[in-house]
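# Coordinate inspection notes
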Amino acid sequence: MKAAPFDYVAPGSVAEALDTLAEAGGGATLLAGGQTLMPLLALRMSQPFIIVDINRIEGIRGIGHTADSTRIAAGTRQAVALADPQLGAAQPVFIRALGHVGHHQTRNRGTIGGSVSLGEPAAEMPAAAVALGAEIEIHSRDRGMRRVRAEDFYFGPYMTALEPDELVTAIHYPRWPADTLTVFREVAQRPGDFALVGLVGAVHVANGKVARAGLAWFGMGPTPIRARQAEAALLGTAAGSIDCRAIAELAVADTAPFDDSHATSHYRRSVGRRVFARTLDEALKTRQAA
Ligand SMILES: Cc1cc2nc3c(=O)[nH]c(=O)nc-3n(C[C@H](O)[C@H](O)[C@H](O)COP(=O)(O)OP(=O)(O)OC[C@H]3O[C@@H](n4cnc5c(N)ncnc54)[C@H](O)[C@@H]3O)c2cc1C
């Protein structure tokens, strides 16, 4: 199929892009890596009046680090972020999750901002942002800049806090302590497919006890879902006496999986229990081995 007709602009600056979005009155759609949008256009599931191509915007790509956070500009290619050694050291959980996003070929074009903005419930990047406590930097011409916590950004499948005249310019990931444990596993039919069940997060143990935990599911509900009950149960617990199966029950209790052509909600819950218990157990064992 061919896309429905649309106008096309490729602004050179954020201000130009925001102007077009504001003037378009909700009829414009942003084009970043096109890995999701182009198929939607071709299938006519998306029919905007104007496509605003953000790939030529000055400063829309790049990674910056401070002592306590990492800023990833929205247009940064997934492959570029994945290959960045400083980012790998500063944000190991993010990098572990990013390595499971699509394929080498799709990551060459796909952007971090595109994946975070889309709000696909089975996507790794939105869940990683929620688990790590990231903030999403958003600009509009008429209201300036605002930052939204990732956990307040997703309302439903492909439904986010973004207004039609807004552009995500960057995502800010807090730095967790260097000895933070990475928790990541996803179950998918084939490598590169969207996850049927996925878990991402970070657990920091200090003086033998869990001092901080950020855990989120993907593919287990209409949005990325924080495993709040599990996080609360972990806090203050001695790392050596954590009952991973009991914590897994609490983690699954926070989910709202659905039935679809790929899997039933029952399947997702039962696999989720095992994924959580095994992945947390393995992460804790890495600490003992260290
Ligand atoms: C074969 C295949 C397998 C894939 N597997 C996975 C997978 O396993 N996991 C996964 O997470 N993804 C997967 N994807 C999707 C891929 O990661 C996309 O790159 C990503 O979903 C969207 O990023 P993009 O830069 O390509 O955005 P685009 O496709 O250009 O845009 C996607 C949406 O986000 C909006 N948007 C883009 N940038 C911004 C911005 N800065 N501000 C506001 N809105 C914006 C667009 O308007 C559009 O609505 C796969 C894609 C393909 C083709």
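Preceding this paragraph is the structure being described.
Rules behind the numbers
- Residues numbered from 1 in each chain as written.
- Predicted model: local features only at pLDDT ≥ 70, side-chain atom pairs only at ≥ 80, totals over all residues.
- Heavy atoms only, no water.
- Near = heavy atom within 4 Å.
- Polar contact = N/O pair within 3.5 Å; in protein donor to acceptor, adjacent residues only side chain to side chain.
- Areas by Shrake-Rupley, 256 points an atom, 1.4 Å probe, with all protein chains shown as cover.
- Helix = DSSP H or I, 4+ residues; strand = E, 2+ residues; numbered from the N terminus.
- Nonpolar A, V, L, I, M, F, W, Y, C, P; charged D, E, K, R; others polar.
- Buried < 20%, exposed > 50% of the residue type's maximum accessible area, 1.4 Å probe, protein only.
- Phe/Tyr/Trp six-rings, centres within 6.5 Å; stacked < 30°, edge-to-face > 60°.
- Lys NZ or Arg CZ within 6 Å of the ring centre and 35° of its normal.
- Contact = heavy atoms within 4.5 Å.

This brings us to the site of the ligand. Neighbouring the ligand are 31 residues; L30, G34, L37, T111 and E124 lie closest to it. G34 has a polar backbone atom sitting 2.8 Å from an oxygen atom of the ligand. T111 places a polar side-chain atom, nitrogen or oxygen, 2.7 Å from an oxygen atom of the ligand. Calculation on the ligand without its partners gives an accessible area of 960 Å², and the protein chains cover 86% of this total. For the shell around the ligand, the secondary structure elements donating two or more residues are β2 (28–31), α7 (112–118) and β10 (167–174). Take the shell around the ligand: its biggest share by element is four residues, from α7. Residue composition of the shell around the ligand, grouped by class: 13 nonpolar, 16 polar and two charged.

With glycine set apart, most residues show a phi of negative sign, and most peptide bonds adopt trans. Here Y158, not a glycine, exhibits a phi torsion of approximately 60°, which is positive. The residue N207 is not glycine, and still its phi comes out positive at about 50°. Mapped onto the secondary structure, N207 falls in the loop between β12 (197–206) and β13 (209–218). Judged by relative accessible area, which is 82%, N207 ranks as exposed.

Turning next to the environment of E16. Among the structural elements, E16 can be located in helix α1 (residues 14–24). Sequence separation between E16 and R141 is 125 residues; the distance between their C-alpha atoms is 9.2 Å. Here G12 takes part through its backbone nitrogen, which lies 3.3 Å from a polar atom of the side chain of E16.

Going through the model one piece at a time under the given rule, you end up with four aromatic pairs. Here W217 and F276 contribute two aromatic rings whose centre-to-centre distance is 5.8 Å and whose plane-to-plane angle is 40°, an arrangement assigned as tilted. In this pair, W217 is assigned in strand β13 and F276 in helix α11 (residues 265–289), connecting sequence segments 59 residues apart. We note R212 situated over the ring of W176; from NZ or CZ to the ring centre the distance is 3.7 Å.

Moving on: the side chain of T180. If you trace the backbone, T180 turns up in the loop between β10 and β11 (181–187). Within the local environment of T180, its side chain forms a polar contact with the backbone oxygen of P177, the two atoms lying 2.6 Å apart. In this structure T180 touches A202, V203 and H204, once residues within four positions along its chain are discounted.

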